Amino acid sequence: MNTKDFDYFLPEELIAQHPLAKRDSSKLLIVPKVGEFQHETFSNIGKYLQAGDVLVLNRTRVMPARIFGIKAETGAKIEFLLLKREQLNRWEVIAKHAKKLPVGTKVSFGDGILQAEIVASLEDGGKIVEFSYDGVFEHILEQIGQMPLPPYIKEALEDKERYQTVYSKENGSAAAPTAGLHFTPELLTKLKAEGVIVCEVLLHVGLGTFRPVQVDNVEKHKMHSEYYEISEETAEIINQAKSENRRIIAVGTTSVRTLETVASIEGKVQASKGWTEIFIYPGYKFKVIDGLITNFHLPKSTLLMLISAFTSREKMLKAYETAVAEKYRFFSFGDSMFIY
(Lines give C-alpha, C1' and ligand atoms only; values in the text may rest on other atoms or scores of the structure.)
Protein backbone atom coordinates (compact mmCIF):
# COMPACT_ATOMS: atom_id res chain seq x y z
CA MET A 1 0.00 0.00 0.00
CA ASN A 2 1.54 3.29 -1.14
CA THR A 3 1.39 6.58 0.76
CA LYS A 4 0.65 8.52 -2.45
CA ASP A 5 -2.65 6.61 -2.70
CA PHE A 6 -3.91 8.83 0.15
CA ASP A 7 -3.16 12.16 -1.51
CA TYR A 8 -5.83 14.60 -2.69
CA PHE A 9 -6.08 18.12 -4.07
CA LEU A 10 -6.99 20.88 -1.63
CA PRO A 11 -7.19 24.59 -2.53
CA GLU A 12 -5.32 26.57 0.11
CA GLU A 13 -8.27 28.89 0.67
CA LEU A 14 -10.27 25.98 2.14
CA ILE A 15 -7.86 25.57 5.07
CA ALA A 16 -9.77 27.11 8.00
CA GLN A 17 -7.75 29.84 9.70
CA HIS A 18 -10.06 30.49 12.64
CA PRO A 19 -12.97 28.84 14.45
CA LEU A 20 -16.53 29.82 13.58
CA ALA A 21 -18.35 32.17 15.96
CA LYS A 22 -20.56 29.27 17.10
CA ARG A 23 -19.00 25.86 17.52
CA ASP A 24 -21.91 23.75 16.26
CA SER A 25 -22.64 25.92 13.20
CA SER A 26 -20.01 24.09 11.14
CA LYS A 27 -20.98 21.99 8.15
CA LEU A 28 -21.43 18.24 8.64
CA LEU A 29 -20.97 15.78 5.77
CA ILE A 30 -22.96 12.59 6.38
CA VAL A 31 -21.10 9.56 4.99
CA PRO A 32 -23.07 6.32 5.34
CA LYS A 33 -21.25 3.11 4.44
CA VAL A 34 -24.21 2.39 2.17
CA GLY A 35 -26.06 5.24 0.49
CA GLU A 36 -25.52 8.79 -0.67
CA PHE A 37 -23.71 11.62 1.03
CA GLN A 38 -25.85 14.25 2.76
CA HIS A 39 -25.03 17.83 3.75
CA GLU A 40 -25.98 18.98 7.24
CA THR A 41 -25.13 21.43 9.99
CA PHE A 42 -23.35 19.98 13.02
CA SER A 43 -26.07 21.15 15.41
CA ASN A 44 -28.32 18.57 13.69
CA ILE A 45 -26.02 15.60 14.47
CA GLY A 46 -28.76 14.24 16.74
CA LYS A 47 -30.86 13.36 13.66
CA TYR A 48 -28.30 10.63 12.90
CA LEU A 49 -27.90 9.30 16.44
CA GLN A 50 -30.26 6.96 18.26
CA ALA A 51 -31.34 6.51 21.87
CA GLY A 52 -28.90 4.02 23.37
CA ASP A 53 -25.97 5.04 21.17
CA VAL A 54 -22.77 5.55 23.15
CA LEU A 55 -20.83 8.69 22.26
CA VAL A 56 -17.15 8.40 23.29
CA LEU A 57 -15.31 11.67 23.96
CA ASN A 58 -11.59 12.31 24.58
CA ARG A 59 -11.32 14.50 27.67
CA THR A 60 -7.70 15.58 27.08
CA ARG A 61 -6.80 19.25 27.30
CA VAL A 62 -4.20 21.03 25.16
CA MET A 63 -1.22 22.45 27.03
CA PRO A 64 0.08 25.93 26.15
CA ALA A 65 3.04 23.89 24.98
CA ARG A 66 4.91 26.36 22.75
CA ILE A 67 7.44 28.32 24.79
CA PHE A 68 9.98 30.95 23.72
CA GLY A 69 13.27 31.62 25.47
CA ILE A 70 16.88 32.61 25.00
CA LYS A 71 20.06 30.58 24.88
CA ALA A 72 22.03 31.30 28.05
CA GLU A 73 25.44 31.59 26.36
CA THR A 74 24.56 33.71 23.34
CA GLY A 75 21.11 35.25 23.91
CA ALA A 76 19.87 33.60 20.70
CA LYS A 77 16.10 33.12 20.50
CA ILE A 78 14.93 29.54 21.16
CA GLU A 79 11.53 27.89 20.61
CA PHE A 80 10.46 24.62 22.26
CA LEU A 81 7.31 22.61 21.69
CA LEU A 82 6.62 20.29 24.62
CA LEU A 83 5.58 16.85 23.41
CA LYS A 84 5.69 14.30 26.19
CA ARG A 85 6.50 14.23 29.89
CA GLU A 86 9.14 11.56 30.51
CA GLN A 87 9.59 12.25 34.25
CA LEU A 88 8.44 14.98 36.66
CA ASN A 89 10.75 17.68 35.26
CA ARG A 90 11.98 15.93 32.13
CA TRP A 91 10.23 16.39 28.77
CA GLU A 92 10.60 15.36 25.16
CA VAL A 93 10.49 18.50 23.04
CA ILE A 94 10.81 19.63 19.46
CA ALA A 95 13.27 22.52 19.18
CA LYS A 96 13.67 24.86 16.23
CA HIS A 97 17.20 24.69 14.79
CA ALA A 98 17.80 21.59 16.92
CA LYS A 99 21.23 20.92 15.38
CA LYS A 100 22.51 24.10 17.01
CA LEU A 101 21.45 22.86 20.46
CA PRO A 102 23.85 20.14 21.65
CA VAL A 103 23.55 18.30 24.95
CA GLY A 104 24.43 20.67 27.77
CA THR A 105 22.82 23.74 26.18
CA LYS A 106 20.97 25.88 28.74
CA VAL A 107 17.90 27.96 27.92
CA SER A 108 16.00 30.54 29.96
CA PHE A 109 12.25 31.18 29.58
CA GLY A 110 9.97 33.90 30.94
CA ASP A 111 12.72 36.18 32.25
CA GLY A 112 14.23 33.27 34.13
CA ILE A 113 11.18 31.79 35.86
CA LEU A 114 11.79 28.58 33.90
CA GLN A 115 15.24 27.17 33.16
CA ALA A 116 16.07 24.25 30.90
CA GLU A 117 19.06 22.10 30.04
CA ILE A 118 19.22 19.74 27.07
CA VAL A 119 20.23 16.32 28.42
CA ALA A 120 19.81 14.10 25.34
CA SER A 121 19.29 14.24 21.57
CA LEU A 122 16.90 11.81 19.85
CA GLU A 123 17.26 10.11 16.48
CA ASP A 124 14.22 11.91 15.04
CA GLY A 125 15.70 15.32 15.90
CA GLY A 126 13.83 15.76 19.17
CA LYS A 127 15.46 16.66 22.47
CA ILE A 128 15.11 15.52 26.06
CA VAL A 129 15.09 18.56 28.35
CA GLU A 130 15.41 18.86 32.13
CA PHE A 131 13.48 21.85 33.55
CA SER A 132 14.12 23.66 36.82
CA TYR A 133 11.77 26.20 38.42
CA ASP A 134 10.07 27.31 41.63
CA GLY A 135 6.37 26.60 42.04
CA VAL A 136 4.04 24.50 39.88
CA PHE A 137 5.14 23.72 36.31
CA GLU A 138 1.60 23.88 34.90
CA HIS A 139 1.05 27.35 36.40
CA ILE A 140 4.28 28.58 34.84
CA LEU A 141 3.21 27.20 31.46
CA GLU A 142 -0.10 29.09 31.72
CA GLN A 143 1.93 32.28 32.23
CA ILE A 144 4.52 31.92 29.47
CA GLY A 145 3.21 29.31 27.04
CA GLN A 146 1.28 29.72 23.79
CA MET A 147 -1.20 27.36 22.16
CA PRO A 148 0.60 25.00 19.74
CA LEU A 149 -1.51 25.75 16.68
CA PRO A 150 -0.62 23.73 13.56
CA PRO A 151 1.70 25.46 11.05
CA TYR A 152 -1.06 25.72 8.42
CA ILE A 153 -2.93 28.16 10.71
CA LYS A 154 -1.40 31.56 10.03
CA GLU A 155 -3.83 33.75 11.96
CA ALA A 156 -3.56 34.45 15.70
CA LEU A 157 -6.10 32.79 18.00
CA GLU A 158 -7.90 35.43 20.06
CA ASP A 159 -9.50 33.04 22.57
CA LYS A 160 -7.29 30.12 23.67
CA GLU A 161 -10.36 28.16 24.79
CA ARG A 162 -11.47 27.79 21.17
CA TYR A 163 -8.63 25.28 20.71
CA GLN A 164 -10.09 23.25 23.58
CA THR A 165 -13.18 21.07 23.61
CA VAL A 166 -15.90 22.21 26.03
CA TYR A 167 -15.42 18.93 27.94
CA SER A 168 -11.61 19.05 28.18
CA LYS A 169 -10.30 18.25 31.66
CA GLU A 170 -6.72 16.93 31.85
CA ASN A 171 -3.70 18.81 30.47
CA GLY A 172 -1.34 16.76 28.35
CA SER A 173 -1.92 17.20 24.62
CA ALA A 174 0.29 18.97 22.10
CA ALA A 175 -2.68 19.28 19.71
CA ALA A 176 -6.45 19.32 20.10
CA PRO A 177 -8.72 16.33 19.42
CA THR A 178 -10.39 18.53 16.83
CA ALA A 179 -13.53 16.49 16.10
CA GLY A 180 -14.78 17.48 19.54
CA LEU A 181 -14.44 21.21 18.91
CA HIS A 182 -17.92 21.25 17.31
CA PHE A 183 -19.80 20.30 20.48
CA THR A 184 -21.39 22.88 22.76
CA PRO A 185 -22.63 22.19 26.32
CA GLU A 186 -26.17 22.77 25.07
CA LEU A 187 -25.81 20.24 22.25
CA LEU A 188 -24.42 17.58 24.60
CA THR A 189 -27.28 18.21 27.04
CA LYS A 190 -29.79 17.85 24.20
CA LEU A 191 -28.26 14.58 22.99
CA LYS A 192 -28.32 13.13 26.51
CA ALA A 193 -31.98 14.12 26.88
CA GLU A 194 -32.68 12.21 23.65
CA GLY A 195 -31.16 9.05 25.13
CA VAL A 196 -27.60 9.21 23.81
CA ILE A 197 -25.14 7.94 26.42
CA VAL A 198 -21.94 9.96 26.76
CA CYS A 199 -18.70 8.59 28.23
CA GLU A 200 -15.05 9.59 28.17
CA VAL A 201 -11.62 8.19 27.46
CA LEU A 202 -8.26 9.95 27.63
CA LEU A 203 -5.57 10.11 24.98
CA HIS A 204 -2.94 12.85 25.14
CA VAL A 205 -2.43 13.81 21.52
CA GLY A 206 1.13 14.02 20.19
CA LEU A 207 2.21 15.66 16.96
CA GLY A 208 3.16 12.32 15.42
CA THR A 209 -0.54 11.64 14.88
CA PHE A 210 -0.85 14.60 12.51
CA ARG A 211 2.38 14.38 10.53
CA PRO A 212 2.24 13.18 6.93
CA VAL A 213 3.73 9.75 6.42
CA GLN A 214 7.28 10.11 5.06
CA VAL A 215 7.84 6.56 3.79
CA ASP A 216 6.48 5.28 0.46
CA ASN A 217 5.23 2.01 1.91
CA VAL A 218 2.46 2.72 4.44
CA GLU A 219 3.21 -0.42 6.42
CA LYS A 220 6.73 0.78 7.22
CA HIS A 221 5.49 3.89 9.05
CA LYS A 222 5.92 3.92 12.83
CA MET A 223 3.63 5.93 15.09
CA HIS A 224 4.84 7.98 18.05
CA SER A 225 3.57 6.66 21.38
CA GLU A 226 0.74 8.49 23.14
CA TYR A 227 -0.59 8.08 26.69
CA TYR A 228 -4.14 6.78 27.17
CA GLU A 229 -6.53 5.88 29.97
CA ILE A 230 -9.90 4.16 29.99
CA SER A 231 -11.83 3.83 33.24
CA GLU A 232 -13.84 0.92 34.66
CA GLU A 233 -17.00 3.01 34.24
CA THR A 234 -16.38 3.68 30.53
CA ALA A 235 -15.40 0.06 29.87
CA GLU A 236 -18.61 -1.12 31.53
CA ILE A 237 -20.78 1.30 29.51
CA ILE A 238 -19.20 0.20 26.23
CA ASN A 239 -19.28 -3.52 26.99
CA GLN A 240 -22.94 -3.31 28.04
CA ALA A 241 -23.81 -1.49 24.82
CA LYS A 242 -21.92 -4.05 22.70
CA SER A 243 -23.75 -6.92 24.42
CA GLU A 244 -27.07 -5.24 23.56
CA ASN A 245 -26.05 -4.46 19.94
CA ARG A 246 -26.13 -0.72 20.54
CA ARG A 247 -23.80 1.51 18.55
CA ILE A 248 -20.47 2.90 19.75
CA ILE A 249 -19.79 6.29 18.12
CA ALA A 250 -16.26 7.64 18.57
CA VAL A 251 -15.73 11.40 18.56
CA GLY A 252 -12.42 11.74 16.78
CA THR A 253 -9.66 9.41 15.69
CA THR A 254 -8.02 9.72 19.13
CA SER A 255 -11.06 8.07 20.74
CA VAL A 256 -10.96 5.38 18.05
CA ARG A 257 -7.31 4.61 18.69
CA THR A 258 -7.87 4.42 22.45
CA LEU A 259 -10.79 2.00 22.14
CA GLU A 260 -9.11 -0.18 19.56
CA THR A 261 -5.94 -0.31 21.67
CA VAL A 262 -7.71 -1.80 24.69
CA ALA A 263 -10.22 -4.06 22.90
CA SER A 264 -10.06 -7.83 22.71
CA ILE A 265 -10.62 -9.65 19.41
CA GLU A 266 -14.26 -10.09 20.46
CA GLY A 267 -14.61 -6.33 20.97
CA LYS A 268 -14.64 -6.33 24.77
CA VAL A 269 -13.02 -3.27 26.31
CA GLN A 270 -10.89 -3.46 29.42
CA ALA A 271 -10.08 -0.62 31.81
CA SER A 272 -6.39 0.20 31.56
CA LYS A 273 -3.80 2.91 31.03
CA GLY A 274 -0.50 3.03 29.24
CA TRP A 275 1.10 4.02 25.93
CA THR A 276 -0.21 3.20 22.48
CA GLU A 277 1.48 3.18 19.08
CA ILE A 278 -1.48 1.65 17.26
CA PHE A 279 -1.49 2.44 13.53
CA ILE A 280 -4.78 1.83 11.74
CA TYR A 281 -4.82 1.69 7.95
CA PRO A 282 -6.90 -0.18 5.32
CA GLY A 283 -7.08 -3.88 6.07
CA TYR A 284 -7.54 -3.28 9.80
CA LYS A 285 -10.56 -5.05 11.37
CA PHE A 286 -12.35 -2.72 13.79
CA LYS A 287 -13.41 -4.36 17.03
CA VAL A 288 -15.38 -1.67 18.85
CA ILE A 289 -16.67 1.31 16.92
CA ASP A 290 -19.76 1.50 14.71
CA GLY A 291 -19.49 5.15 13.75
CA LEU A 292 -17.04 8.02 13.75
CA ILE A 293 -17.33 11.80 13.96
CA THR A 294 -14.19 13.35 12.51
CA ASN A 295 -12.75 16.43 10.84
CA PHE A 296 -11.10 16.55 7.41
CA HIS A 297 -7.45 15.51 7.57
CA LEU A 298 -4.19 16.33 5.82
CA PRO A 299 -3.23 14.51 2.61
CA LYS A 300 -1.10 11.38 3.18
CA SER A 301 -1.77 11.49 6.94
CA THR A 302 -2.27 8.52 9.26
CA LEU A 303 -5.69 9.98 10.12
CA LEU A 304 -6.87 9.82 6.52
CA MET A 305 -5.62 6.22 6.45
CA LEU A 306 -7.59 5.42 9.62
CA ILE A 307 -10.90 6.69 8.29
CA SER A 308 -10.22 4.96 4.96
CA ALA A 309 -9.85 1.72 6.91
CA PHE A 310 -13.29 2.30 8.47
CA THR A 311 -15.02 2.68 5.08
CA SER A 312 -12.75 2.43 2.05
CA ARG A 313 -10.05 4.56 0.47
CA GLU A 314 -12.20 5.13 -2.59
CA LYS A 315 -15.21 6.29 -0.56
CA MET A 316 -13.10 8.62 1.58
CA LEU A 317 -11.39 10.23 -1.41
CA LYS A 318 -14.83 10.70 -2.99
CA ALA A 319 -16.08 12.31 0.24
CA TYR A 320 -13.10 14.66 0.27
CA GLU A 321 -13.64 15.52 -3.39
CA THR A 322 -17.27 16.32 -2.56
CA ALA A 323 -16.22 18.47 0.40
CA VAL A 324 -13.81 20.44 -1.77
CA ALA A 325 -16.48 20.98 -4.42
CA GLU A 326 -18.95 22.19 -1.76
CA LYS A 327 -16.29 24.44 -0.20
CA TYR A 328 -16.18 22.77 3.19
CA ARG A 329 -13.57 24.17 5.61
CA PHE A 330 -10.63 21.81 6.26
CA PHE A 331 -8.38 20.73 9.15
CA SER A 332 -8.37 21.78 12.83
CA PHE A 333 -10.88 24.65 12.74
CA GLY A 334 -12.74 23.21 9.77
CA ASP A 335 -15.95 21.29 9.20
CA SER A 336 -16.84 17.74 10.16
CA MET A 337 -18.15 14.44 8.87
CA PHE A 338 -20.08 11.58 10.41
CA ILE A 339 -19.17 8.15 9.03
CA TYR A 340 -21.39 5.20 9.96
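See the structure printed just above.
Model, not experiment: these values are computed from the prediction. (Residues numbered from 1 in each chain as written. Predicted model: local features only at pLDDT ≥ 70, side-chain atom pairs only at ≥ 80, totals over all residues. Heavy atoms only, no water.)

**Let's talk about the overall build of the protein**
Part 1: Looking only at helices and strands, one finds 6 helices and 17 strands in the protein.
Part 2: For 340 residues, the compact-globule formula gives about 20 Å, and the C-alpha radius of gyration of the protein, at 20 Å, lands near that figure.
Part 3: Projected onto the principal axes, the alpha-carbon positions of the protein cover approximately 65 × 45 × 40 Å.
Part 4: A buried classification covers 56% of the 340 residues belonging to the protein.
Part 5: Summed over all atoms, the accessible surface of the protein reaches about 15,700 Å², with 50% contributed by carbon and sulfur. (Helix = DSSP H or I, 4+ residues; strand = E, 2+ residues; numbered from the N terminus. Rg over C-alpha atoms; globule rule 2.2 N^0.38 Å. Buried < 20%, exposed > 50% of the residue type's maximum accessible area, 1.4 Å probe, protein only. Areas by Shrake-Rupley, 256 points an atom, 1.4 Å probe, with all protein chains shown as cover.)

**Some thoughts on the layout of surface pockets**
Part 1: Roughly 700 Å³ of internal volume is contained in the largest pocket.
Part 2: Along the walls of the largest pocket sit 32 residues, with Leu 83, Lys 84, Glu 92, His 224 and Ser 225 positioned nearest its centre.
Part 3: Within the residue set of the lining of the largest pocket, elements represented by two or more residues are β6 (77-85), β7 (90-95), α1 (137-144), β11 (170-173) and β13 (226-230).
Part 4: Counted by class, the lining of the largest pocket contains 13 nonpolar, 9 polar and 10 charged residues. (1 Å grid on protein atoms, 1.4 Å probe; cavity = no way out; pocket = protein on both sides within 12 Å on 5 of 7 lines; lining within 4 Å. Points joined across faces, edges and corners; volume = space filled by probe spheres on them. Nonpolar A, V, L, I, M, F, W, Y, C, P; charged D, E, K, R; others polar.)

**Structural notes on the side chain of Thr 294**
Part 1: Along the chain, the position of Thr 294 falls in strand β16 (residues 291-295).
Part 2: When near neighbours in sequence (up to four residues on either side) are disregarded, Thr 294 contacts Ala 179, Thr 253, Ile 307, Ser 336, Met 337 and Ile 339. (Contact = heavy atoms within 4.5 Å.)

**Regarding helix α4 (residues 253-262)**
Part 1: Extensive coverage of α4 is indicated by the burial of 9 of its 10 residues.
Part 2: Listed in full, the buried residues belonging to α4 are Thr 253, Thr 254, Ser 255, Val 256, Arg 257, Thr 258, Leu 259, Glu 260 and Val 262.

**Brief notes about the nonpolar core**
Across soluble globular proteins, nonpolar side chains show a tendency to be buried alongside one another.
Part 1: In this structure, Phe 80, Leu 82, Phe 131 and Phe 330 are the most contacted members of the largest nonpolar core, which totals 91 residues.
Part 2: Those residues in contact with Phe 131 that lie beyond four places of it in its chain are Ile 67, Phe 80, Leu 82, Asn 89, Trp 91, Phe 109, Leu 114, Gln 115, Ala 116 and Phe 137.
Part 3: Ranked by size, the runner-up nonpolar core spans 19 residues in total, among them Phe 42, Tyr 167, Ala 179 and Val 196. (Core = buried A, V, L, I, M, F, W, Y, C linked by side-chain atoms within 4.5 Å.)

**Describing the pattern of salt bridges**
For side chains of opposite charge, pairing can occur when their charged atoms come near one another.
Part 1: Under the definition given, this model contains 19 salt bridges.
Part 2: In this structure, Asp 24 engages Lys 22 in a salt bridge whose closest nitrogen and oxygen atoms are separated by 2.8 Å.
Part 3: By relative accessible area, Asp 24 is classed as buried at 8%.
Part 4: Here Glu 244 ties to Arg 246 by a salt bridge, and the two come within 2.9 Å at their closest N and O atoms.
Part 5: In the salt-bridge network here, residues are joined through shared partners; they are Arg 59, Glu 170 and Glu 229. (Salt bridge = Lys/Arg side-chain N within 4 Å of Asp/Glu carboxyl O.)

**Comments concerning empty space enclosed by the protein**
Part 1: For the structure shown, the criterion picks out 3 cavities of 30 Å³ or more.
Part 2: By volume, the largest cavity amounts to about 110 Å³.
Part 3: Taken together, the residues of the lining of the largest cavity sort by class into 4 nonpolar, 4 polar and 4 charged.

**A look at the packing of α4 against helix α5 (residues 302-310)**
Part 1: Running from N to C, α4 and α5 point in directions that differ by 65 degrees, and their axes come no closer than 11 Å. Considering the angle they form, α4 stands roughly perpendicular to α5. In this structure, the crossing between α4 and α5 has a hand that is left-handed. Contacts from Thr 253, Val 256 and Arg 257 in α4 reach Leu 303, Leu 306 and Ile 307 in α5.
Part 2: Split by residue class, the contact of α4 with α5 holds 4 nonpolar, 1 polar and 1 charged. (Axes fitted to C-alpha atoms, helices over the stretch in contact; angles between N-to-C directions. Parallel < 35°, antiparallel > 145°, perpendicular 65-115°, else oblique. Left-handed = near helix turned anticlockwise from the far one by under 90°.)

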